[in-house]
Each structure stands twice: as structure tokens, then as C-alpha cells.
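Spelled out, the chains give:
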Amino acid sequence: SSLCSICLEYCKVMDRRMWGFQHPLRQFPTVSYEVISKLEDRNVTLDRLYDMEANEIGHIIHHPRYGQTVSHYVRQFPYLSLEVAVQPITRSVLRVHLNISAEFDWNDHVHRTVEPWWIFVEDDQNEHIYHHEYFLLYKKTRAEPHTLTFTIPIFEPLPPQYFIRAVSDRWIGAEITIP
């Protein structure tokens, strides 16, 4: 599973022509290099920016009027909210109900008509992928919650925990993991 993650990350790095350690807002071509450099120098994460007000962002980048613009791009960065319910079917099979909600502002120019995601179920060591699914989030249905239902096998020895991971097929840094 870690090999799968590495390959997907390299594909996105090549496609976006930026490294995975660079700030995710670099994927928006209209955000100025000066602003990106200030965010990277101060190690301001996307999660931290998401929790900030526009004036706070403007203060961090030393450009008060541009704070609203950066906040606008942060809200457009793809993010999913995941809720999971697990139910045993038999001693060796689990049924998983995964509710997916889009938590970002859609922009046709940036997101086109669809945002593709990979959904993985893996163990805590990232050694095995128990389930994978290609999920397409369409613009028309983005406001609705989506439900995926699937089954996964249980093998001995039991892993202490399973993790569900949603990874964007297009965006570097757009990844959500829940236990």
C-alpha cells in the first residue's frame, strides 16, 4: 500500500510540476510566487489557513488586501468529509458504509466537471490494501452526501485498526485519513 501511495504521489508531482513538500496552493497558477514563498517560509499549512480569517492570512503574508484572495483559494482546495459505519457480516467479513461529503467551493475553471478520488481501506502498518475504489465527485451532485457500501475481508492475525483514506487523483496534498 505504501508503494501505491508513492506511485500515485509521483504521478501527481509530474503532472503538476511541483514537489510534494511544496505548499499545496502552488497548484493555483494565479497565486503569486511572493505569497507562496511567505507561506512556505512560515510553514503555514493548508489546515491552518482554512481555520484563519482573511485578515489573519493577510497579516501573515504582510499583504492585508490579498488575504481575502488567499482565503478564497484555500476554500477551493478539494477536501472531503468522511464518516464511516462498520458492521460485521460474518466472522471473516465486514460491511463498511462510507458517507462522503464535499467540503470545498467548486470553481469550474479549477475543478472542471469532476474531481476524481481514490478510496483505500488499509491496515495500520500500510502493508495491505483491503479495498480500493475510484470515486468520482461530479459538480452536479457535490452538494449531496454520497454513500459507498462495500465489504472487506478479515484476516488472521487481526490488525489493531483499519484506516480509510481518500486521496485525490489530481491534487497534491488533498488526502483525508480516518481510523
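Shown above is the structure to which this text applies.
What counts and how
- Position numbers for residues count from 1 along each chain, tracking the sequence in the order it is written.
- It should be noted that, the model being predicted, local features are given only for residues of pLDDT at least 70 and side-chain atom pairs only at 80 or more, the latter also being counted only at that level, while totals for whole chains, interfaces and linings use all residues.
- Computation of side-chain values: all heavy atoms of the structure, hydrogens and water removed.
- Here is the rule: rings of Phe, Tyr and Trp (six-membered ring for Trp) pair when centre to centre is within 6.5 Å. Planes less than 30 degrees apart are stacked, more than 60 are edge-to-face, and the remainder are tilted.
- Secondary structure elements follow DSSP: runs of H or I no shorter than four residues count as helices, runs of E no shorter than two count as strands, and numbering proceeds from the N terminus.
- When a residue's accessible area, from a 1.4 Å probe over protein chains only, is under 20% of the maximum for its type it is buried; when over 50% it is exposed; and in between it is partly exposed.
- Pairing between strands requires that DSSP locate at least two bridges from one strand to the other.
- Interaxial angles span 0 to 180 degrees and are taken between N-to-C directions of axes, which are lines fitted to C-alpha atoms, for helices over the stretch in contact.
- Pairs of residues are marked as contacts when any of their non-hydrogen atoms sit within 4.5 Å.

Enquirer: Is there a simple way to explain the packing of aromatic side chains in this structure?
Expert: Scanning the entire structure with this criterion turns up nine aromatic pairs. Summarising the aromatic geometry, the rings of F77 and W171 are spaced 5.4 Å apart at their centres and angled 75° between planes, so their arrangement reads as edge-to-face. Linking F77 in the loop between helix 5 (67-76) and strand 1 (80-90) with W171 in the loop between strand 6 (162-168) and strand 7 (175-178), this pair joins segments that are 94 residues apart in sequence. W171 shares its class with F77; the two are buried. Pairing Y130 with Y162 gives two aromatic rings, centres 5.0 Å apart and planes at 80°, and the pair type is edge-to-face.

Enquirer: Explain the sheet that holds strand 2 (residues 93-102) to me, please; I cannot follow it from the model alone.
Expert: Hydrogen bonds between backbone atoms are what pair the strands of a sheet, whose relative direction is either parallel or antiparallel. Across the sheet, three strands lie side by side as 1-2-5; this open sheet has antiparallel pairing. Of all the strands in the sheet, the pair left with one neighbour each is strand 1 and strand 5 (146-153). Strand-to-strand, the axes of this sheet are offset by a mean angle of 20°, without reference to chain direction. Two elements, strand 2 and strand 5, share eight bridges in a ladder whose sense is antiparallel. Counterpart to L94 in the pairing with strand 5 is I152.

Enquirer: Which parts of the structure should I look at to understand the environment of N107?
Expert: In this structure, N107 sits in the loop between strand 2 and helix 6 (108-111). Overall, the relative accessible area of 22% leaves N107 in the partly exposed class. Taking the C-alpha atoms as reference points, N107 and P145, 38 residues apart in sequence, are found 19 Å from one another. When neighbours within four sequence positions are excluded, N107 is seen to be in contact with Q76 and R112.

Enquirer: I would appreciate a short explanation of helix 2 (residues 33-41) in the present structure.
Expert: Two residues of an α-helix separated by three or four positions point the same way, owing to the 3.6 residues in each turn. Along helix 2, the positions that sit buried rather than exposed are V35, I36, S37, K38 and L39. Tucked inside the fold, the buried residues of helix 2 contact helix 3 (46-51) and helix 5. Following helix 2 by one or two positions, N43 has its phi on the positive side, about 50°.

Enquirer: Would you explain the environment of H132 in this entry?
Expert: With respect to the helices and strands, the residue H132 is situated in strand 4 (residues 129-138). Considered as a pair, H132 and D47 are 85 residues apart in the sequence and their alpha carbons are 26 Å apart. Ignoring anything within four residues of it in the chain, the contact list for H132 reads W118, I119 and F120.

Enquirer: What exactly am I supposed to notice about the sheet that holds strand 7 here?
Expert: Here we have four strands laid out as an open sheet, ordered 4-3-6-7, and antiparallel in their pairing. Only two strands of the sheet have a single neighbouring strand rather than two, namely strand 4 and strand 7. Pairwise comparison of adjacent strand axes, ignoring direction, gives a mean angle of 15° for this sheet. Pairing between strand 6 and strand 7: four bridges, direction antiparallel. Bridging from a neighbouring strand, A166 pairs with I176 of strand 7. Packing against the sheet, helix 1 (residues 2-16) makes contact with strand 3 (114-123), strand 4 and strand 6, and its axis sits at approximately 15° to strand 6.

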